[in-house]
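Given next are the chains, with one letter for each unit.
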Amino acid sequence: MTYIMESGDETRRLIEQEQADEASQVLRLTGLTAGARVLDAGCGPGGISEMLAEVVGETGQVLGIDLSEERIREARQRFQHRPTLRFQVADIHATGLPDGAFDYTWCQYVFQYLPRRRAALDELIRVTRPGGRVVVSDMDGFGLGNWPFPESLQASCKLFVEALGRSGFDLHVGRKLYTEFRQAGLVDVQVRLLPQYVIPGTASEAVLEDWRTRFRALEPFIAPAFGSPDAYAVHCAEYLRMLADPDTLKFAVRLVTDGRRP
């Protein structure tokens, strides 16, 4: 797996994304309870892992795993004061963890990067006990929910999305997980549609900076599709102008898919 968003600003961007996330209600709705043994697969710097630990309480245990040694080091430093929260480096496709070790397995904003999603899902199911729940939260069509949406910008966004696809990134992964859960043998599969963001009018400076960071990180993968870095820069500038437009609505959704291991 290639993590195409890696950059010097990525830790900051991930922490801000965690802080903006209101996951605790979703965690409870998808079956997380006090005392549970929990896996946070693809935990990044650990913000959602901390939310998981708060829900399961002192009688529960949370393990956060990530392929990035840097993210795991950061998570350990941030949450060393939480004895029920541990972190380790592991590959989501082959964690090395015992069969059936967890009551509840959570994975957020990871499947969009995975060309081998079925292998990752099979691994999450394997480490979840029979009767436990596997939950994957991911985006769908991120950045494409805008109105007005000029035709020139729609056309350049199409180039952007196609280039992302060639890098292995699936911008529409959220809608595909229901079928993939069922095909993998999970039962009682449910899907919840949640807002990722809703921005009527001018986007905040934090949102604009988030997009600047994304555009910088993605340039090596996306600019060739535009023919040159200069042409890519024109697209990025036009998109940022749209985000700053006070007369434009911007919105994005995520889909939370959960199923029970029989």
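Here, the structure is the one placed above.
Just so it is clear, the structure is predicted and the values come from calculations on it, not from any experiment.

## Details of helix 9 (residues 229–244)
Then, number 1: For helix 9, with 16 residues, the first-to-last C-alpha span of 22 Å sits near the 22 Å given by 1.5 Å per residue.
Then, number 2: Those residues of helix 9 hidden inside the fold are in contact with strand 5 (128–147), helix 6 (151–166), strand 6 (187–200), helix 8 (205–226) and strand 7 (249–260).

## Overview of the pairing of strand 1 (residues 37–41)
Then, number 1: The buried count for strand 1 comes to four of five residues, which makes it a mostly enclosed element.
Then, number 2: Strand direction decides the pairing type here: strand 1 and strand 2 (residues 61–66), joined by five bridges, are parallel. If you follow D40 over to strand 2, its bridge partner there is G64.
Then, number 3: For the handedness criterion, the β-α-β arrangement of strand 1, helix 3 (residues 47–56) and strand 2 is classed as right-handed.
Then, number 4: Judged from the three bridges that link them, strand 1 and strand 4 (residues 102–108) form a sheet pairing that is parallel. Considered in strand 4, the bridge of L39 is made with T105.

## Topic: the state of the cysteines
Note on terminology: a disulfide is the covalent bond linking the sulfur atoms of two cysteines.
Then, number 1: Going through the model one piece at a time under the given rule, you end up with zero disulfides.
Then, number 2: Free of any disulfide, C43 has its nearest neighbouring cysteine sulfur in C107, separated by 10 Å.
Then, number 3: A residue is classified by how much of its surface remains accessible, and C43, at 5% relative accessible area, is buried.

## Re the nonpolar core
Then, number 1: Judged by nonpolar contacts, the single largest core of 29 residues is most densely connected at F160, W211, F215, I222, Y232, Y239 and L243.
Then, number 2: In this structure, Y232 is in contact with F160, F215, L218, E219, I222, A223 and F226, ignoring residues within four places of it in sequence.
Then, number 3: Ranked by size, the runner-up nonpolar core spans 26 residues in total, among them I92, L97, L114 and V134.

Cut-offs used in this document
- For every chain, the first residue of the written sequence is number 1, and numbering continues from 1 along that sequence.
- Only residues with pLDDT of at least 70 get local features here, since the model is predicted, and only at 80 or more are side-chain atom pairs given and counted; chain-wide, interface and lining totals rely on the full set of residues.
- Excluding hydrogens and water, the side-chain figures rest on all heavy atoms present in the structure.
- Counting from the N terminus, the helices are the DSSP runs of H or I reaching at least four residues and the strands are the DSSP runs of E reaching at least two.
- Expected span, for any helix, means 1.5 Å times one less than how many residues it has.
- Only heavy atoms matter for contacts: two residues are in contact if any of them lie within 4.5 Å across the pair.
- Buried, partly exposed and exposed residues are distinguished by accessible area as a fraction of the type maximum, computed with a 1.4 Å probe on protein chains only: under 20%, between the cut-offs, and over 50%, respectively.
- In this description, strands pair whenever DSSP reports at least two bridges between them.
- Note on handedness: a clockwise path from strand one over the helix to strand two, with the strands aimed away from the viewer, defines a right-handed crossover.
- Disulfide: a pair of cysteine sulfur atoms within 2.5 Å of each other.
- By nonpolar core is meant a set of buried Ala, Val, Leu, Ile, Met, Phe, Trp, Tyr and Cys residues that side-chain atoms within 4.5 Å join together.

Everything listed here is a matter of geometry and, on its own, says nothing about what the molecule does.
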